[in-house]
Amino acid sequence: MSFHKIKKKRLVLAMAGLPFIAFSASGNAETNTQTAADNAQSVSANVDKSLSRVKPVAEGTIEVTAAANDAPPQSGFAPTYADVGVYQGRDMLDVPNSVSVVSSEIIKAQQGQGLYDALRNVAGVVRQQQSGVAYDQLSIRGINLDNRGSYMFNGVLPFDNNLPVPMEDKERFEVLKSASALYYGFVSPGGVVNMVTKRAGSTPVRAVTFSTDDNGSSLAHVDLADRFGDEKNFGVRINAMSNNIHLPIEGDHGNKRFFSAALDWQVNDKLLLKYDYEKVKARITEQAAIATPTAVKGIVTMPNIPDPKKLLSMNGKATKSEAETHLLQAEYAFNYDWSGKVTLGQSRTKRDRWLWVFDSYNANTGNGTVYGADQPGQDYLNQNVRAEVKGNFSTGSVEHQLLVGGSQNRLYQPSFYTTMYSAAQNMYDPVTVTSLVRSPTGSKNTLRDRGFNEQTVRDGGLFLQDWITLNDQWQVTGAVRWGRYTSKQLNADSEKVKALTPAVSVVYKVTPDVSLYASYVEGLESAGTAPSSAANAGESLKAVVSKQKEIGVRTRLTDGLFATAAYFELTQPSASTGDDDIYSINGEARYRGGEFSLQGDLTANTSITTSLMLLDAEVTSSTNSALVGKAPENTPEKAANFFINHKLDLLPGVAVNAGASYVGKRPVNSLNQAYVSSYTVYNLGASYKTRLANTDATFRFTVNNVTDKRYWSAAGSGQLAVGMARTFVFSSSFEF
């Protein structure tokens, strides 16, 4: 019996049971007694909502405020409102799609240091191609995200994810797991990752954090926030960090620096202005990926996993990257019911990259060649402008919330050139590489000198959504987007595509704390970008239309505990690398599965976040018949995460935590000729909160990969990546 016939029944039973769990819990739930000090930073972030409310403050006057509809304040582990796409400021119980939220409190408790560290708590998020040394490349529900278009800065501006993303200035991360083209236009159907920055709230912030690990890394972070003016109508939040990095890879050292500023000004009762700035610089030597072996008689024989503590690349040939982001937003209240917003932003990432791949090896002895691709002058520019109007009106007893808007995004990448070098190496007993030789014609087309041609992508569109509330129980949404996509690349044919795509959904409130939903979405979206291992690396694939159906149930078991379950099916044109090493669209794939998550406070002392994804993905049609029925590469059938934090009554101020991340086996190529094994990584931690000299102090200790597990962290695109070794992390934070 196929996967979906078995798993779908289980998921339907679980979804049907959630309302009854909610009814049982409502009579016995313990209220959340988390102190105001614990909540201060999370609640303070609520001053910023991308589509603010309008309220009367006196007769004849109105004021733009920063509420999230009627949702409870965002705090702790449990999500209460969404801040992504068309759902900005909406109670999670009213959202008819899968949206996952990871708060800064979760990230702090886990001492997360990168994007994957934050998003590993989200069902269906796994690494793609890279090990995470220089940046985190991700997939959701088996679909690769586009580094140039799938990551949003404060809900509106595409941010290029080709360098390490700072955690320290982020209030929360959100993952919208569905076709999201209605609001964002040309993006991957896998979903969108939204990064929400911290802002000044009503309580001033004066905090410093110091961190180190057993490898010798050191980090210093400063977080300052306050509001100014007679009416405190001007807010400033500054974050700055310096990090000297010593990876758990012998001799692999680097650094990361960032500075950010979030400013907001309540000009008058009607106008709110916001400006966000972030500058990031990083340098690190990338660990060499292991090339997937060539199949012999249709079978790929996998090598042993190399020691993750040994560097295969040449130390000193580092990837240097920097990004600068500007975002200006203006929100205006026309009256009590109608408001408008205009945003203008630019994000630019520059990178001089050394990409390393180990190939031409003997899987038994480990002898082979490490190839170094020198790629200076990479430059990725995103420019975005957006305008929208949102308002409420009634037709009889039916209430409407109308959203009308338009957006235009320009993505530009100039030409750059790859120059190849190589050196002898052994992946099981590595030597220190001290010199390289030119290797203009390597073992594969992807390991040869080659150029990357200038490209400009323009994506614009108009969208309309009517959110209809029929009564206290029923909500219906209808939406449509007209989109236009153009792509011009040097020495290649131009592409122009227009499409009209719909979206519909329905939400039924079983009780005020339990909702059922169903949705159908189409989108003119990105099929991704050719990976670095392809001969056409960096090339944006043609625009495609994806379709997704989803049903789900959400319940707020208590004010501090939130549960969701969903069943989804998404179809999209599929892409893979052919025998000519060209990555292109060559068929259609179907992704079907279920997800479950539980986040929040089990008791006053115990918080939890856990998730599970079951996935049945396969290529349903292809120009290559051998691919039909196969699972897309790097796609697991199962993925699960668990994290629990418990405060000890016997030791006031002390908390202990434990976590586990599981990823099932994944095919290494599109023909499923071999699989990387499933793995589970365990983490342990503890924290101690106290007061020293009238200063709030928090000390944290974390062990990542407790068992020092060796595992393949990513596969696909002709490469294998090795997971990181065990690391001990210690930090101390002080709030003045």
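The structure under discussion appears in the preceding block.
All values derive from a computational prediction rather than experimental measurement.

### Section: the pattern of salt bridges
Any two side chains of opposite charge can pair, so long as their charged atoms come close to each other.
Piece 1. This structure, assessed with the given rule, holds 27 salt bridges.
Piece 2. For the salt bridge of K309 with D708, the shortest nitrogen-to-oxygen distance reads 3.3 Å. Of this pair, K309 sits in the loop between β18 (289-291) and β19 (319-333) while D708 sits in the loop between β39 (695-704) and β40 (712-716); the two residues are 399 residues apart in sequence, bridging distant segments of the chain.
Piece 3. The exposure class of K309 is partly exposed, given its relative accessible area of 34%.
Piece 4. Taken together, the salt bridges that share partners define one network made up of R141, K177, E550 and E595.

### Some thoughts on the sheet that holds strand β8 (residues 143-144)
Hydrogen bonds along the backbone pair up the strands of a sheet, which may run parallel or antiparallel.
Piece 1. With antiparallel pairing, three strands are arranged side by side in an open sheet as β6-β7-β8. At either margin of the open sheet sits one strand with a lone partner, and together these are β6 (125-127) and β8.
Piece 2. Here strand β7 (residues 138-140) runs beside β8; their pairing, made up of two bridges, is antiparallel. The residue bridging S139 from the neighbouring strand is N144, located in β8.

### Quick notes on a positive patch on the surface
Piece 1. Taken together, the side chains of R458, R484, K488, K496 and K498 define a basic patch exposed on the protein surface.
Piece 2. For the positive patch, the secondary structure elements donating two or more residues are β27 (474-489) and β28 (495-511).
Piece 3. Locating R458 in the fold gives a position in strand β26 (residues 455-469).
Piece 4. The partly exposed category is assigned to R458, whose relative accessible area is 42%.

### Some details on the side chain of N255
Piece 1. Assignment of secondary structure puts N255 in strand β16 (residues 253-266).
Piece 2. Among all residues touching N255, those that are not within four sequence positions of it are N243, N244, I245, K281, A282 and R283.

### Comments concerning the nonpolar core
Piece 1. Counting residues in hydrophobic clusters, the biggest one holds 62 residues, and the most contacted among them are Y87, V99, L119, L138, F173 and V193.
Piece 2. When residues of this core are assigned to their parent elements, the largest contribution, four residues, is made by helix α4 (residues 115-119).
Piece 3. Every residue in contact with F173, bar those within four places of it in the chain, is listed here: S100, V101, V102, I107, L115, A118, L119, P166, M167, V193, N194 and M195.

### Here's the deal with the sheet that holds strand β11 (residues 170-176)
Piece 1. If you walk across this open sheet you meet the five strands as β5-β11-β12-β9-β10, and the pairing is mixed. The sheet terminates laterally at β5 (99-103) and β10 (157-158), the two strands that pair on one side only.

### Some thoughts on the pairing of strand β23 (residues 416-426)
Piece 1. Among the 11 residues that make up β23, eight are buried, leaving the element largely enclosed by the rest of the structure.
Piece 2. By the bridge criterion, eight bridges tie strand β21 (residues 367-395) to β23 in an arrangement that is antiparallel. Counted as the bridge partner of D374 is T419 from β23.
Piece 3. Note that β23 and strand β25 (residues 450-452) share three bridges and pair antiparallel. Residue pairing in the sheet places F416 in a bridge with F452 of β25.

### Focus on the pairing of β27
Piece 1. Taken together, the 15 bridges between β26 and β27 define a ladder with antiparallel strand orientation. Its bridge partner lying in β27, R458 is registered against T486.
Piece 2. The pairing of β27 with β28 spans 14 bridges and is antiparallel. For Q475, the partnering residue across the bridge sits in β28 and is V507.
Piece 3. The antiparallel hairpin formed by β27 and β28 contains five residues in its connecting segment, where N491 sits at a positive phi of about 65°.

Parameters at a glance
- Residues numbered from 1 in each chain as written.
- Predicted model: local features only at pLDDT ≥ 70, side-chain atom pairs only at ≥ 80, totals over all residues.
- Heavy atoms only, no water.
- Salt bridge = Lys/Arg side-chain N within 4 Å of Asp/Glu carboxyl O.
- Helix = DSSP H or I, 4+ residues; strand = E, 2+ residues; numbered from the N terminus.
- Buried < 20%, exposed > 50% of the residue type's maximum accessible area, 1.4 Å probe, protein only.
- Pairing = 2+ DSSP bridges.
- Patch = residues over 30% accessible without salt bridge, like charges linked within 9 Å, V, L, I, M, F, W, Y side chains within 5 Å.
- Areas by Shrake-Rupley, 256 points an atom, 1.4 Å probe, with all protein chains shown as cover.
- Lys, Arg positive; Asp, Glu negative; His and termini not counted.
- Charge placed at Lys NZ, Arg CZ, Asp CG, Glu CD.
- Contact = heavy atoms within 4.5 Å.
- Core = buried A, V, L, I, M, F, W, Y, C linked by side-chain atoms within 4.5 Å.

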